[in-house]
Amino acid sequence: MRRRIARALARPLVLAAAGAAIPPATAAPAVADSIVIGGFPVDVAHSPWTVALVSRDRFGGTRAGQFCGGVVVGRTAVLTAAHCMAGEVVGAPPTRDLKVITGRTDLLSRQGKDIPVRAIWANPHYDADTNAGDFAVLTLAEPVPQSSVIPLAGAGDPAYVPGTSATVYGWGDTTGTAAYAHSLHAARVHVLPDGRCERAYPSGSEDGTYTAGSMLCAGEATGGRDACQGDSGGPLVARGRLIGLVSWGSGCGRAGSPGVYTRVSDVVRTLRQVLGADKAPHRAPGAS
Ligand code: ARG
C-alpha cells in the first residue's frame with residue numbers, strides 16, 4: 001500500500017547513504033541541461049519562498065541531506081507534500097534532525113540558513129494509494145522575513161486557467177536517472193486541462209488517481225519539461241502566486257504523463273485552521 005511511495009524515495013535514500021556521486025553532466029542522456037526535467041538553473045534570491053527539506057542523519061551529508069522541497073507560506077510556516085513526511089522518509093517518530101534550508105541556491109555551499117522544524121502537521125486524510133490530500137505543514141523554530149512568503153492562489157484564481165504558464169522549482173532529479181541537482185533549478189510548464197490527467201491517471205492506475213478538485217495537472221503536451229523525484233513538496237508558481245505543490249507523476253517528462261500537483265486553493269482552508277491552532281500539540285520531531 002505504502003510501497004509505491006517508499007519506492008519513489010528509495011533511490012535518493014540509497015544514493016545518499018552510499019555517498020554515490022552525482023553523474024557528470026556529460027554522462028546524462030537526452031535531456032542534459034534539465035531540471036527539475038527540461039529546466040534551467042536559478043538563483044534562490046529570485047524565488048526566496050523555495051526551500052529544501054533536509055536531514056543529514058537520514059539522507060547523508062551529500063547535498064546537505066536534501067530529500068524534498070517546500071514553500072514558505074507564512075513567516076514560520078512551510079507547506080510541503082504529506083508523502084515527504086511519511087515514516088519511511090523522515091522516520092517514526094520523525095528525526096530531530098529535520099531542517100528547512102532557506103536562501104541556499106547551491107546545496108554544497110554555506111549560503112542561507114538551516115532552520116530547525118518545531119512541529120509537523122501531516123494531512124491525516126492523505127491517501128497513499130490515490131495520492132489525494134498530499135500536503136503537510138511544517139512550523140519553523142525561527143521566522144523568515146516576510147519578503148520570503150509567497151501568496152497563495154485561491155479558488156477561481158485565473159492562474160488556474162489551462163494554458164497558463166507556470167514555473168516549478170526544485171533540487172530533484174534532472175534527467176530521470178537519479179541525477180540529483182545540487183543547485184536549484186526551475187522548469188517552465190503549462191497548466192493543463194484536468195481531462196489530460198484524468199485520461200493519463202484513471203482510477204486504479206499504478207501511480208495514483210487524478211482527482212480534479214484537489215489536484216492540478218501541469219506539464220507539456222510533448223513532455224520534456226516536468227518535476228521529478230526529489231522535487232516533491234516544492235512550488236508550482238503562476239502569476240506570482242503559489243498554485244501547486246509537486247506531488248506525483250508517472251516517470252518524469254514523458255509525453256502523455258503530465259505532472260500532478262496538490263491544488264493549493266484546496267488546502268487554503270485547512271492551512272488556516274492548522275496555523276490558527278498553532279498552540280495545539282502537533283507532532284514534534286523526535287517526540288513520539
Ligand atoms: N514523488 C516525487 C518526489 O517524491 C515527485 C514526482 C513528481 N513527478 C513528476 N513527474 N512530476 O519527489
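Each remark here, short or long, concerns the structure printed above.
Worth saying up front: this structure is predicted, and the values here are computed from it rather than measured. In every chain, residue numbers begin from 1 and rise along the written sequence. With pLDDT at 70 or above as the cut-off, local features in this predicted model cover only qualifying residues; side-chain atom pairs require 80 or more to be listed or tallied, and sums for whole chains, interfaces and linings still use all residues. Water and hydrogen atoms play no part in the side-chain values, which are based on all heavy atoms of the structure.

1. Side note on the site of the ligand
Our working definition: Proximity criterion: a residue is near a molecule or strand once any of its heavy atoms comes within 4 Å of it. Throughout this description, a polar contact denotes any pair of N or O atoms lying within 3.5 Å of each other; where both atoms belong to protein, one of them has to be capable of donating a hydrogen while the other can accept it, and for residues adjacent in sequence the pair is counted only when both atoms sit in side chains. Under the scheme applied, nonpolar residues are Ala, Val, Leu, Ile, Met, Phe, Trp, Tyr, Cys and Pro; charged residues are Asp, Glu, Lys and Arg; polar residues are all the others, including Gly.
If you check the shell around the ligand, you find 15 residues, and the closest are H83, D226, G230, S232 and G251. A distance of 2.8 Å separates an oxygen atom of the ligand from a polar atom in the side chain of H83. Taking D231, its main chain carries an N or O atom lying 3.4 Å from an oxygen atom of the ligand. Tallied by class, the residues present in the shell around the ligand amount to 5 nonpolar, 8 polar and 2 charged.

2. A word on the pattern of salt bridges
Put simply, the rule is: The salt bridge criterion pairs a side-chain nitrogen of Lys or Arg with a carboxyl oxygen of Asp or Glu, the two atoms within 4 Å. Helix and strand labels come from DSSP, where a helix needs a run of H or I of at least four residues and a strand needs a run of E of at least two; each type is numbered from the N terminus. A simple rule labels every residue: compare its accessible area, found with a 1.4 Å probe on the protein chains alone, to the largest value its type can have, and call it buried under 20%, exposed over 50%, or partly exposed in between.
Taken as a whole, this structure holds 7 salt bridges when the rule is applied. Between D114 and R56 there is a salt bridge whose closest N-O contact spans 3.4 Å. Of this pair, D114 sits in strand β6 (residues 113-122) while R56 sits in helix α2 (residues 56-59), and the two are 58 residues apart along the sequence. Given a relative accessible area of 27%, D114 falls into the partly exposed group. Note that R225 is salt-bridged to E220, the shortest N-O span being 3.3 Å.

3. Focus: the nonpolar core
Definition in use: We call a set of buried residues a nonpolar core when its members are Ala, Val, Leu, Ile, Met, Phe, Trp, Tyr or Cys and they connect through side-chain atoms within 4.5 Å of each other.
Counting residues in each nonpolar core, the largest one holds 67 residues, and the members touching the most others are F67, L79, M85, L236 and I243. Sorting elements by how many residues they give to this core places strand β3 (residues 66-74) first, with 5 residues. Core analysis: the second largest hydrophobic core is formed by 8 residues, L192, Y201, Y210 and M215 among them.

4. A few points about unusual backbone geometry
Cis geometry is adopted by the peptide bond preceding P93, which originates at A92 and carries an omega value of -5°. On the secondary structure map, P93 appears in the loop between α3 (87-90) and β5 (99-102). Its identity as a non-glycine residue notwithstanding, N131 has a phi of 75°, on the positive side. N131 sits in the buried class, given a relative accessible area of 3%. You will see that R239, though not glycine, has its phi angle at about 50°, which is positive. Relative to the elements of secondary structure, R239 occurs in the loop between β11 (235-238) and β12 (241-248).

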